[in-house]
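Spelled out from the first residue to the last, the chains are:
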Amino acid sequence: MTLLTRGSPRVAYFYSVPDTSTFRYRAYNVAQSLSVHASAARPSAAWFTAADFEQMDRVLSACDILVLCRNSLYNDQIARLAAQARARGRRILFDVDDLVFDPAYTHLLIDTLGLDMRNPAVWDYWFSYIGRVAATFALADGVLVTNSYLGARAEAWSGKPSRVLPNFLNREQQEISDRIWSAKETGGWARDGRINLGYFSGSPSHNRDFSLVSHAIAELMDENSAIWLQIVGFLEPGSELARHQARIQPLPLQDFVNLQRAIGTVEINLVPLQDNPFTHCKSELKWFEAAIVGALTVASPTEAYRNVIDHGSNGWISSAHVWKETLTDIVRDLDDTRAKVAPRARAEARDRFGWDQQAACIEAALFDNW
């Protein structure tokens, strides 16, 4: 409550259970960025969870806007919370960062995640999940999204207005990333003779994405013994890379600070994504998390990455059939290429996605022209 009441107007984010998924980007980071400058004349924000439900009456009395985040799946408590907010005349917004509110896309989602379509439990889970997300969305006056592509689909489905509130770094991520960058500069960007490729997976559902590049990586590793692959999170690299197992370094899922350390150990950050409406709704976070620590990104041409990456200037866009050629060109002159691209990418990442650069964007998304 202290953070919430520092400023005016006031925004209460409700995120049922903090997790390792979207909590930091869609609730924690926003509250941090707004509240650091909160004053009587500037807005403030704070986040609350299901554990705080008993005090939500006080929160609703103090706030001007209630934001129900994606993982606040519809139940009696969520319905009651929205009704109480409505009775007090509070604006209710819904925040979502994936195409997980429209049942028409359930088949696409299951296919994209590579789940077992013959398992009834898979269909039961995802239709239930999407239905509950949709029911919470229906309680809101409008929706906050991560990009305009997702916003267009949210508006088409709901008939409600959308505003883009991009994902961005938080203060802790940025501070550790600054230290990682400084250490690289102090060390003259020295390498141990390896060229480290990195794939950073946040969930067990990226096998089909990674399969877009596994053959190209296997061939590169055949041709160049200096190439190593680091895989962080939940991913089975597949049979194509089995012969290079000795040069594959698996790491478990990391918290967001240690994730920056892990990304900072690779030269090239791999972001392969399938080409469909679900992946076009994904944000550009894998680019800015890498750029801020000096790792070069090669990404598939989805909506967000086409918009943020200037090919060859601050990263690379690669269609599925040219991944090997793109990576070969980067590896060939890696040190010279990195010296040109990495500083530019880092500067753009800090300017566009730094935690201390977001107040105006957040205020516009939350308060303007609803």
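Look up a bit, the structure's there.
Quick summary incoming for the structure in this document.

## Here we look at the overall build of the chain
Phase 1 of the analysis: Across its full length, the chain carries 15 helices and 12 strands.
Phase 2 of the analysis: A compact globule built from 370 residues should have a C-alpha radius of gyration of about 21 Å, and the chain, at 21 Å, falls within 12% of that.
Phase 3 of the analysis: With respect to the three principal axes, the spread of C-alpha positions in the chain is 65 × 50 × 30 Å.
Phase 4 of the analysis: Evaluated residue by residue, the chain yields a buried proportion of 54% over its 370 residues.
Phase 5 of the analysis: Taking contacts inside the chain between residues at least 6 apart in sequence as the whole, the part at least 24 apart equals 74%.
Phase 6 of the analysis: For the chain, the exposed surface amounts to about 15,200 Å²; the carbon and sulfur share of it is 50%.
Phase 7 of the analysis: One way to put it: in the chain the 37 positive side-chain charges average out to a point 4 Å from where the 43 negative ones average out.

## Notes on the pairing of strand E8 (residues 227-232)
Phase 1 of the analysis: Most of E8 is tucked away, with six of its six residues classed as buried.
Phase 2 of the analysis: The pairing of strand E7 (residues 195-200) with E8 spans six bridges and is classified as parallel. What sits directly across from Phe200, in E8, is Val232.
Phase 3 of the analysis: For E8 and strand E9 (residues 248-251), the ladder comprises four bridges, and the chain directions are parallel. Bridging across to E9, Gln230 finds its partner in Gln249.

## Some details on the sheet that holds strand E6 (residues 162-164)
Two strands in a sheet stick together by hydrogen bonds in their backbones, pointing the same way (parallel) or opposite ways (antiparallel).
Phase 1 of the analysis: Read across the open sheet, the six strands follow the order E2-E1-E3-E4-E5-E6; overall the sheet is parallel. Sheet topology places strand E2 (44-48) and E6 at the edges, where each strand pairs with a single neighbour. This sheet shows a mean twist of 25° between the axes of neighbouring strands, independent of strand direction.
Phase 2 of the analysis: Of the strand pairs in this sheet, strand E4 (residues 91-95) and strand E5 (residues 142-145) are connected by three bridges, and their pairing is parallel.

## Side note on the environment of Gln254
Phase 1 of the analysis: With respect to the element layout, Gln254 can be found in the loop between E9 and helix H9 (256-263).
Phase 2 of the analysis: When neighbours within four sequence positions are excluded, Gln254 is seen to be in contact with Val232 and Leu259.

## Details of the packing of helix H1 (residues 23-35) against helix H7 (residues 171-186)
Phase 1 of the analysis: The contact between H1 and H7 brings their axes to 10 Å, and the two run at 85°. By the angle between their axes, H1 is roughly perpendicular relative to H7. Contacts from Arg24, Tyr25, Tyr28, Asn29 and Gln32 of H1 reach H7 at Arg171, Glu172 and Gln173.

## Brief notes about the pattern of salt bridges
Phase 1 of the analysis: Under the defined criterion, the tally for this structure stands at 20 salt bridges.
Phase 2 of the analysis: For Lys282, the salt bridge identified is with Asp98, shortest N-O distance 3.2 Å. Here Lys282 is found in the loop between helix H10 (277-280) and helix H11 (285-291), whereas its partner Asp98 is found in the loop between E4 and helix H4 (106-112), with 184 residues between them in sequence.
Phase 3 of the analysis: According to the relative accessible area criterion, Lys282 is partly exposed, its value standing at 24%.
Phase 4 of the analysis: In this structure, Asp222 engages Arg243 in a salt bridge whose closest nitrogen and oxygen atoms are separated by 2.8 Å. With Asp222 in helix H8 (residues 207-223) and Arg243 in the loop between E8 and E9, this pair connects stretches of sequence that are 21 residues apart.
Phase 5 of the analysis: Overall, the relative accessible area of 42% leaves Asp222 in the partly exposed class.

## Quick notes on the packing of aromatic side chains
Geometry of an aromatic ring pair is reported as the spacing of the ring centres plus the angle between the planes.
Phase 1 of the analysis: A full pass over the atoms with the stated rule returns 18 aromatic pairs.
Phase 2 of the analysis: Measuring from ring centre to ring centre gives 5.7 Å for Phe101 and Trp157, while their planes differ by 50°; the resulting arrangement is tilted. Taken together, the residues Phe101 in the loop between E4 and H4 and Trp157 in helix H6 (residues 148-158) connect sequence positions 56 residues apart.
Phase 3 of the analysis: Its relative accessible area of 30% is what places Trp157 among the partly exposed residues.
Phase 4 of the analysis: Put simply, the rings of Tyr15, Phe23, Tyr28, Trp47 and Phe256 touch in pairs and so form one group of aromatic residues.
Phase 5 of the analysis: The ring centre of Trp370 lies 4.6 Å from the NZ or CZ of Arg163, which sits over that ring.

Parameters and conventions
Residues numbered from 1 in each chain as written. Predicted model: local features only at pLDDT ≥ 70, side-chain atom pairs only at ≥ 80, totals over all residues. Heavy atoms only, no water. Helix = DSSP H or I, 4+ residues; strand = E, 2+ residues; numbered from the N terminus. Rg over C-alpha atoms; globule rule 2.2 N^0.38 Å. Buried < 20%, exposed > 50% of the residue type's maximum accessible area, 1.4 Å probe, protein only. Contact = heavy atoms within 4.5 Å. Areas by Shrake-Rupley, 256 points an atom, 1.4 Å probe, with all protein chains shown as cover. Lys, Arg positive; Asp, Glu negative; His and termini not counted. Charge placed at Lys NZ, Arg CZ, Asp CG, Glu CD. Pairing = 2+ DSSP bridges. Axes fitted to C-alpha atoms, helices over the stretch in contact; angles between N-to-C directions. Parallel < 35°, antiparallel > 145°, perpendicular 65-115°, else oblique. Salt bridge = Lys/Arg side-chain N within 4 Å of Asp/Glu carboxyl O. Phe/Tyr/Trp six-rings, centres within 6.5 Å; stacked < 30°, edge-to-face > 60°. Lys NZ or Arg CZ within 6 Å of the ring centre and 35° of its normal.

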